[in-house]
Amino acid sequence: MTVGVQVARAAEPAGPAPPRRRMVLPLLLVLGWLLGVAWRLWLARHSSMPIAHTDEDSYLNTARALAGGPGGFSSENGTLRRIGYPLLIAPAFLLDRDFIDTYLLVRVINAALNATLLPLAYLLGRRLLNLPRWPALVAAAVAATLPAAVFYAGVAMTDAVLAPLLVGWLLAVHRLVERPGPLTAAVAGALAGAGHLLHSRGVVIVASYAVLVLLLVGRRRLGPAGVLAATLPVLAAALGNEAGVRLLGDTVRLLGDPPGESTLRAVASGPGLLRVLAAVGTQLWYLVVITFGLAGLAGSAAVARLRRAGRDDPARWTLGVALATTVGVAVGAAVVLAGITDKPADAIYGRYVQMLAPFWLVIGVGVLLDTAYRPLVRHAAVTVAVLAAGGLLVHARLAYAEARGEALRYGGFSAPDLMALTGGWRQMRPLVGAAVGVVACLLLVVAARRRRFRAVALAALVVVNLATMQVIAQRLMGPMAAAGTPARSVADLGIRPGERVRASTGVPYVIRFNLSHQVTWTEVPWFADRPPAVADVVFARWAPGEPDDWDGARYGFVRLGGDPAQKWAAWRRG
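Below, the structure is looked at part by part.

Calculation rules
Residues numbered from 1 in each chain as written. Predicted model: local features only at pLDDT ≥ 70, side-chain atom pairs only at ≥ 80, totals over all residues. Heavy atoms only, no water. Helix = DSSP H or I, 4+ residues; strand = E, 2+ residues; numbered from the N terminus. Rg over C-alpha atoms; globule rule 2.2 N^0.38 Å. Buried < 20%, exposed > 50% of the residue type's maximum accessible area, 1.4 Å probe, protein only. Lys, Arg positive; Asp, Glu negative; His and termini not counted. Charge placed at Lys NZ, Arg CZ, Asp CG, Glu CD. Expected span 1.5 Å × (residues − 1). Axes fitted to C-alpha atoms, helices over the stretch in contact; angles between N-to-C directions. Parallel < 35°, antiparallel > 145°, perpendicular 65-115°, else oblique. Contact = heavy atoms within 4.5 Å. Nonpolar A, V, L, I, M, F, W, Y, C, P; charged D, E, K, R; others polar. Pairing = 2+ DSSP bridges. Salt bridge = Lys/Arg side-chain N within 4 Å of Asp/Glu carboxyl O. Patch = residues over 30% accessible without salt bridge, like charges linked within 9 Å, V, L, I, M, F, W, Y side chains within 5 Å. Areas by Shrake-Rupley, 256 points an atom, 1.4 Å probe, with all protein chains shown as cover. Phe/Tyr/Trp six-rings, centres within 6.5 Å; stacked < 30°, edge-to-face > 60°. Lys NZ or Arg CZ within 6 Å of the ring centre and 35° of its normal. Core = buried A, V, L, I, M, F, W, Y, C linked by side-chain atoms within 4.5 Å.

This part is about the overall build of the protein chain. Assigned secondary structure in the protein chain consists of 22 helices and seven strands. For 574 residues, the compact-globule estimate of 2.2 N^0.38 gives 25 Å, and the C-alpha radius of gyration of the protein chain, at 25 Å, lies within 12% of that figure. Projected onto its principal axes, the C-alpha coordinates of the protein chain cover approximately 85 × 55 × 55 Å. Counting every position in the protein chain, which comprises 574 residues, the buried fraction comes to 52%. Put simply, the protein chain has 56 plus and 32 minus side-chain charges, and the middle of one group is 14 Å from the middle of the other.

What follows is the structure in structure tokens.
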């Protein structure tokens, strides 16, 4: 299969390869996976504490409660609550270790699963695109090092596992269309159910999968047994999520507001719809930029294939499901974020679509390597137009908001890879992003004309990915870890299991949460000024010379230590 137009390519050697040669690629994939795990752990080596608050805190508190430990808070709401990722990392809490050790185990789980992008992307290239072995391996290496997916392996967030899950699910979808039956339907359904269990984005995955199953039934390619096999895993995942929520009960308190009237009010107007469309367009434009234009080539070729290919073409069905999922996730994210009215709107929030980037990148490589030159130029022209128009529109949106005094949010987790690629650490630079995407896309198209330059171009993308992640680690992850890690640990202060601990809201929340994680034996509730009578130890604000400096001596406490630079101290009741 090609996404664009098939061209002649050198055939792979005929006949069975010698046993030793047959083992080379599996060994390389295993070695690549091991190196990928080690690289991901190395990138996050300075992050001994969470840096993505409050998402990490929510997942970690829930995982600890599922493992039988004390509860805590979660920033989730009842409607969008999912327990799949906390279940996945809960075993790290069973060993009853210090939090730093537990958090390291969580990142090991993340890295091991996130690094499966390499073999999955290789299978995608081989089975969906029919790429030769070595081009498929190089394309997989580019996808497996893409910062949009790798970044989240270093934090305790469900996004660490969503990118490989999506690639695996679309592979299963392709297999289901090729050979409809109960087994393939069950596998695809299980992966769709896993998506639902992991995050609310899974609702889009399930909806796309449901439409696919209905179409297969309508064309009489899937019988009653296949429908049952496709449906049961999704129902089991939904029921499992509900059972887990009921099992937790009130152990984990939800702080998020469910989407409701605020969301409807935010989108039920002309300006509201324009804001949603602007957010959707920004996310899709972002996907094209961070994949060096390859997602643009893939999207253009996929739309062309949907219009021209035969109705029974498995690739056509798979690409249709992928396109529907991509647009659905972007729209769903824009609508949900529009309902958060107590904070400024985001200039960009790429987190929700990042899981789609590796898939579209691999498809883009297939277009690059396996499309005749003229159709490739047409796809490149569409991509350049999307990048240029998108960059101008995003720039205009930012300028309009600034002129109205409505600065749009732009932070470290909005789009870290875009920050590194454009040097936009303090403000979004859409014109620079468009230029990066255009130049990269054109260089790749030029390189594709000569076979010997193709591998060099793709290897260069791997180097760019590695360098981008290194920059992100140094400029973003490292400083955030340094600022959020308490100068002294709870154990060093002499606080021991069995003591009842409370924390003042006067302590900066990043420090407060990371101190609380170290108290592994009990939940750490918050108080405003007067400590609860049951508290043995409290964390409070230490700001010498400032009016909000907390004096524990008034309440009979003795200071154990802390850090005035970080604005916190620990006090024990005397």
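Moving on to helix α22 (residues 509–518). Among the ten residues of α22, eight are classified as buried, and the element is accordingly described as predominantly covered. Residues of α22 that are buried: Ile511, Arg512, Phe513, Asn514, Leu515, Ser516, His517 and Gln518.

Further remarks concern helix α18 (residues 373–403). Taking 1.5 Å of rise per residue, 31 residues should cover 45 Å, and α18 covers 45 Å from first to last C-alpha, within 8% of that figure. Regarding α18, the residues found buried are Pro375, Leu376, His379, Ala380, Thr383, Leu387, Gly390, Gly391, Val394, Arg397, Leu398 and Ala401. Once α18 finishes, Gly405 follows within two positions and takes phi at roughly 75°, a positive value.

We now examine the packing of α18 against helix α20 (residues 430–448). The N-to-C vectors of α18 and α20 enclose an angle of 170°; their axes lie 8 Å apart at closest approach. Considered as vectors, α18 and α20 are oriented roughly antiparallel to each other. On the side of α18, the interface is formed by Leu376, Ala380, Thr383, Val384, Leu387, Gly391, Leu392, Val394, His395 and Leu398, while α20 contributes Pro430, Leu431, Ala434, Gly437, Val438, Cys441, Leu442, Val445 and Ala448. Across the contact of α18 with α20, the residue classes tally to 15 nonpolar, four polar and no charged.

It is worth spelling out the sheet that holds strand β7 (residues 568–573) at this point. By definition, the strands of a sheet pair up through backbone hydrogen bonds, in either a parallel or an antiparallel sense. Pairing in this open sheet of five strands is mixed, and the strands run β4-β3-β5-β7-β6 from one edge to the other. The sheet terminates laterally at β4 (526–527) and β6 (557–563), the two strands that pair on one side only. The pairing of β6 with β7 spans six bridges and is classified as antiparallel. Bridging from a neighbouring strand, Arg559 pairs with Trp571 of β7.

Once that is clear, we can look at the pattern of salt bridges. Tallying each qualifying case throughout the model produces 15 salt bridges. The closest approach of N and O atoms between Arg541 and Asp548, which form a salt bridge, is 2.8 Å. For Asp548, a relative accessible area of 39% gives the class partly exposed. When salt bridges with common partners are traced through the structure, they connect Asp55, Asp159, Arg201 and Arg351 into a single cluster.

Before going further, it helps to spend a moment on unusual backbone geometry. Going from His53 to Thr54, the amide bond is cis rather than trans, its omega being 10°. If you check the backbone angles, Arg220 has positive phi at about 60° while not being a glycine. Here Arg220 shows up in the loop between α11 (202–218) and α12 (224–248). Even without being glycine, Lys567 reaches a positive phi, approximately 65°. Assignment of secondary structure puts Lys567 in the loop between β6 and β7.

With that settled, the discussion passes to the side chain of Gln283. With respect to the helices, strands and loops of the structure, Gln283 is situated in helix α14 (residues 270–290). With a relative accessible area of 3%, Gln283 lands in the buried category. In this view, Gln283 contacts Ala330, Ala333, Ala334, Tyr349, Tyr352 and Val353; residues no more than four positions away in its chain are not counted.

A cluster of basic residues, Arg307, Arg308, Arg374 and Arg378, forms a positive patch on the protein surface. Where the positive patch is concerned, the elements lending two or more residues are α15 (294–308) and α18. Considering the arrangement of structural elements, one finds Arg374 in helix α18. The class of Arg374 is exposed, set by a relative accessible area of 69%.

Here the focus is the packing of aromatic side chains. Per the stated rule, a full pass over the model turns up 15 aromatic pairs. Relative to Phe513, the ring of Tyr509 has its centre 5.7 Å away and its plane inclined at 65°; by these criteria the two rings are edge-to-face. Linking Tyr509 with Phe513, this pair stays in helix α22, spanning four residues, or about one helical turn. When the ring of Trp550 is compared with that of Trp571, the centres are 5.6 Å apart and the planes differ by 80°; the resulting orientation is edge-to-face. Within this pair, whereas Trp550 is found in the loop between β5 (537–540) and β6, its partner Trp571 is found in strand β7, the two being separated by 21 residues in sequence. Of the two residues, Trp550 and Trp571, both sit in the buried class. Chaining the aromatic ring pairs together yields one cluster made of Phe527, Trp550, Tyr555, Phe557 and Trp571. Here the guanidinium or amino end of Arg452 rests over the ring plane of Phe453, the centre of that ring lying 5.0 Å away. Note that Arg512 overlies the ring of Trp526, its terminal NZ or CZ placed 4.9 Å from the centroid.

Bringing the pairing of β7 into the picture now. Both β5 and β7 contribute to a ladder of four bridges, which runs antiparallel. Note on β7: the bridge partner recorded for Ala540 is Ala569. If you look at the hairpin formed by β6 and β7, you'll find four residues sitting between the two strands, and Lys567 has a positive phi there, around 65°.

The subject of this paragraph is the nonpolar core. In this structure, Trp169, Tyr209, Leu212, Trp285, Phe359, Trp360 and Met428 are the most contacted members of the largest nonpolar core, which totals 146 residues. Per element, the largest residue contribution to this core is 14 residues, and it comes from helix α9 (residues 159–178). Not counting residues within four places of it along the chain, the set of residues in contact with Leu212 comprises Val173, Leu176, Val177, Trp317 and Val321.

Remember that the coordinates give geometry; whether it matters functionally is a separate question.
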